[in-house]
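Residue-level listing of the chains:
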Protein chains: 2
Amino acid sequence: MRQVTLVEVGPRDGLQNESRELSIDIRHELIRKLAAAGLKDIEAGAFVSPKWVPQMAGSAELLSRLDTGGSIRYPVLVPNLKGLEAAMAAGARDIAVFGAASETFSRKNINCGIEESLERFAPVIREALGAGIRVRGYVSCVAACPYEGDIAPGTVAEVADKLFQLGCHQISLGDTIGTGTPGRILAMLDAVSRMVPVAHLAGHYHDTYGMAIANIRASLDAGLRTFDASVAGLGGCPYARGASGNVATEDVAWMLEREGFVTGVDLPALLDAAGFVSQALGREPASKVARAFGAPAAAS
Amino acid sequence: MRQVTLVEVGPRDGLQNESRELSIDIRHELIRKLAAAGLKDIEAGAFVSPKWVPQMAGSAELLSRLDTGGSIRYPVLVPNLKGLEAAMAAGARDIAVFGAASETFSRKNINCGIEESLERFAPVIREALGAGIRVRGYVSCVAACPYEGDIAPGTVAEVADKLFQLGCHQISLGDTIGTGTPGRILAMLDAVSRMVPVAHLAGHYHDTYGMAIANIRASLDAGLRTFDASVAGLGGCPYARGASGNVATEDVAWMLEREGFVTGVDLPALLDAAGFVSQALGREPASKVARAFGAPAAAS
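Computed from a predicted structure; not experimentally measured. (Residues numbered from 1 in each chain as written. Chains lettered and ligands numbered in written order. Predicted model: local features only at pLDDT ≥ 70, side-chain atom pairs only at ≥ 80, totals over all residues. Heavy atoms only, no water.)

### Observations concerning the overall build of chain A
Check the secondary structure of chain A and you find 12 helices and 11 strands. Here the C-alpha atoms of chain A give a radius of gyration of 18 Å, agreeing with the 19 Å that 2.2 N^0.38 yields for 300 residues. Along the first, second and third principal axes, the C-alpha set of chain A runs to 60 × 45 × 35 Å. Looking at chain A residue by residue over its 300 residues, the buried ones come to 59%. In chain A, the share of contacts with a sequence separation of at least 24, taken over all contacts with a separation of at least 6, comes to 74%. Here chain A displays about 11,200 Å² of accessible surface, and carbon together with sulfur accounts for 51% of that area. Distance between charge centres in chain A, computed from 28 positive and 33 negative side chains, equals 1 Å. (Helix = DSSP H or I, 4+ residues; strand = E, 2+ residues; numbered from the N terminus. Rg over C-alpha atoms; globule rule 2.2 N^0.38 Å. Buried < 20%, exposed > 50% of the residue type's maximum accessible area, 1.4 Å probe, protein only. Contact = heavy atoms within 4.5 Å. Areas by Shrake-Rupley, 256 points an atom, 1.4 Å probe, with all protein chains shown as cover. Lys, Arg positive; Asp, Glu negative; His and termini not counted. Charge placed at Lys NZ, Arg CZ, Asp CG, Glu CD.)

Here is the structure:
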């Protein structure tokens, strides 16, 4: 079991949290480069109102340009039935729904509590599955919540289990504020894996406090083999300006290869994608590996 | 065994690799702030030629201002007998010598091979011990060398053992280019700890590829309880401009506390020291934790 799947979330989860909006053409080119780097799961967009999330405007056109029937999966975020219909019309074969393990975070983020959010997701998931579409379930705040503080592992397990029972093929466990450390992450995974088989779990760890790589390494020991990551560390952290959010795909890929795992990712091609999108955003890649490889050698 | 000792190397190993030179007054104030933050081992300077290392000019005067007879240890780097004499005259009670596990790195860094460097250190260590001075031994390139690539764990163990036999009370194992990942670090520690008891080992891991925290977490499982770190991530990486070098003390301290270890470090006071020296250097702290805590909250 040395095979690890990386789910690239940069073009959606990442760009959605960048202040500069990128055109459909640039996002398409980014996705093309990520596919060329060997990534097989690339989150491509979100079917949400462009009034609220202008960074994801044109997701339908973007998705329709991609070969959703091929070997690469292009999940898109879908909040409700209206979004599902639009996603299906654009050719979606994979969607994702976004839940939380924190009541307060859920209310602030999607304007309803955990229970109500699951009730809303139920018909979306049912319709999608009926149309042969795979559904991924996100659970945010799996270690702590920006409003409530630490979240009990049992609460995370309950929400994950409900999404799994509703038919999600995979549950992505998000340490949204990045305060999880290996001990806490392992306690959470222990609770969750009693309800949902570990093969159906993905780790989605933010690097805000520099813990994501250590958390991924610990999760590998717990049997996880799927991790979300964002090229160039796209996304930042909405709770602390200038701080890191999503762990960078190139950091994760580099560590996994050095640790003897197989990702199928071509690092130079991935660094090319990181450089491309960073230039489009007018900033440096938020990735240690990109800086270590990309920086010119010092004079002496 | 939840007690962990952090050896603060910022004022020496860190500042030595910063291009801007700081005055004795500012370095003294930095050390004062680090002591106020609860650090008990603070590397204070280097007795090397200011022609080659201008950042360490005035180390004798700086050391003489510190209370080297108290509960806080202030080791200084000493390359030879001349340096030892100067350090002793300035009141040193702790010195450090700097070796390598790579033949090529040793030749490029200190102009002699591994064997010859150990022969040079022998009288320095002997004299120091005779005067009641503790000696710390650095071994660089414990995972890989910028010139030779991967270094065999057995080679690291041999050099560490020789320094230990010469009388070094502690061996600091340096992943100089930061390419070590937990599996490789654990293999290295396994080899070294067969020769030198783990209680006499310290992990000195660079964060160039974002692996330092994961390597420290793995080393804790292997029994290590001493780690080197540099406030604000001072030092950078001499092999890739703009890349990270020393792991930031605040990142390590934050992780250790969250994992239930006791460091005696006061994080707000440490962040104050990080902010102070970063301002003196005219840059942002190279630390995820400092950015997560220090950044103003986002507008929404």
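From this point, the narrative continues.
### So, the relation of the copies chain A and chain B
One copy of the chain maps onto the other through a rotation about an axis followed by a shift along the same axis. The two copies are related by a screw operation: chain A maps onto chain B through 180° of rotation and 0.0 Å of translation along the axis, at an RMSD of 0.0 Å. Interpreted geometrically, this transformation is the action of a two-fold axis. Closest approach to the rotation axis within chain A is made by the C-alpha atom of Ala214 of chain A, at a distance of 2.0 Å. A shared interface surface links the copies, since 100% of the contact residues of chain A are contact residues in chain B too. (Least-squares fit on C-alpha atoms with pLDDT ≥ 70 in both.)

### Re the packing of aromatic side chains
Residue and element names in this part refer to chain A. By the definition in use, this model includes 9 aromatic pairs over all chains. Aromatic pair Phe105 and Tyr147: ring centres 6.4 Å apart, planes at 35°, arrangement tilted. Of this pair, Phe105 sits in helix 5 (residues 103-110) while Tyr147 sits in the loop between strand 7 (144-145) and strand 8 (149-150), and the two are 42 residues apart along the sequence. On the basis of relative accessibility, which here comes to 41%, the residue Tyr147 falls in the partly exposed class. Seen from their ring centres, Tyr205 and Phe227 are 6.5 Å apart, and the 55° between their planes marks the pair as tilted. Here Tyr205 is found in strand 10 (residues 201-205), whereas its partner Phe227 is found in strand 11 (residues 226-229), with 22 residues between them in sequence. (Phe/Tyr/Trp six-rings, centres within 6.5 Å; stacked < 30°, edge-to-face > 60°.)

### Some thoughts on the packing of helix 7 (residues 153-166) of chain B against helix 8 (residues 182-193) of chain B
The angle between the axes and the distance between the axes are what describe a pair of packed helices. Residues and elements named next belong to chain B. Contact geometry for helix 7 and helix 8: axes closest at 8 Å, N-to-C directions at 40°. Taken together, helix 7 and helix 8 sit at an angle that is classed as oblique. For the crossing formed where helix 7 meets helix 8, the hand is right-handed. Across the interface between the two elements, Pro153, Gly154, Val156, Ala157 and Ala160 from helix 7 touch Ala187, Met188, Ala191 and Val192 from helix 8. Broken down by class, the residue content of the contact of helix 7 with helix 8 amounts to 8 nonpolar, 1 polar and no charged. (Axes fitted to C-alpha atoms, helices over the stretch in contact; angles between N-to-C directions. Parallel < 35°, antiparallel > 145°, perpendicular 65-115°, else oblique. Left-handed = near helix turned anticlockwise from the far one by under 90°. Nonpolar A, V, L, I, M, F, W, Y, C, P; charged D, E, K, R; others polar.)

### Thoughts on helix 4 (residues 81-89) of chain A
Residues and elements named next belong to chain A. Of the residues making up helix 4, those classed as buried are Gly83, Leu84 and Ala87. Each buried residue of helix 4 lies within a common arc of 100° when the element is viewed along its axis, so the set occupies one face. The exposed set on the far side of helix 4, more than 90 degrees from its buried face, consists of Lys82, Glu85 and Ala89. Where helix 4 is buried, its residues contact helix 3 (59-65), strand 4 (76-77), strand 5 (94-100) and helix 6 (114-130). With its phi angle positive at about 100°, Gly91 sits one or two positions after the end of helix 4. (Arc of directions from axis to C-beta.)

### Digging into the interface of chain A and chain B
Counting residues at the interface gives 38 residues for chain A and 38 residues for chain B. For the pairing of chain A and chain B, the buried interface totals around 3,100 Å² over both sides, and the portion due to carbon and sulfur atoms is 56%. The largest share of the area that chain A buries against chain B comes from Tyr209, Arg241 and Lys288 of chain A, three residues that together contribute 23% of it. For the pair chain A and chain B, the interface holds 4 salt bridges. The salt bridge involving Asp207 of chain A is made with Lys288 of chain B; its shortest N-O contact spans 3.0 Å. Linking chain A with chain B are 10 residue pairs in polar contact (both at pLDDT 80 or more). Mapped onto the side of chain A that touches chain B, the elements with two or more residues apiece are helix 8 (182-193), helix 9 (212-221), helix 10 (249-258) and helix 12 (288-294) of chain A. If you tally residues by element for the side of chain A that touches chain B, the top one is helix 12 of chain A, at 5 residues. (Buried area = accessible area lost by both parts, 1.4 Å probe. Salt bridge = Lys/Arg side-chain N within 4 Å of Asp/Glu carboxyl O. Polar contact = N/O pair within 3.5 Å; in protein donor to acceptor, adjacent residues only side chain to side chain.)

### Some words on the environment of Glu8 of chain B
All names here are of chain B. For Glu8, the position within the fold is in strand 1 (residues 5-8). What makes Glu8 buried here is its relative accessible area of 0%. Taking C-alpha positions, Glu8 is 17 Å from Arg134, a pair spaced 126 residues apart along the chain. Ignoring sequence-local partners within four residues, the contact set of Glu8 consists of Leu34, Leu39, Asp41, Ile42, Glu43, Ala229, Ser230, Val231 and Thr249.

### Points about the pattern of salt bridges
For the structure shown, the criterion picks out 40 salt bridges over all chains. The shortest N-O distance in the salt bridge between Asp13 of chain B and Arg12 of chain B comes to 4.0 Å. Connected via shared salt-bridge partners are Asp41, Arg73, Asp94 and Arg134 of chain A.

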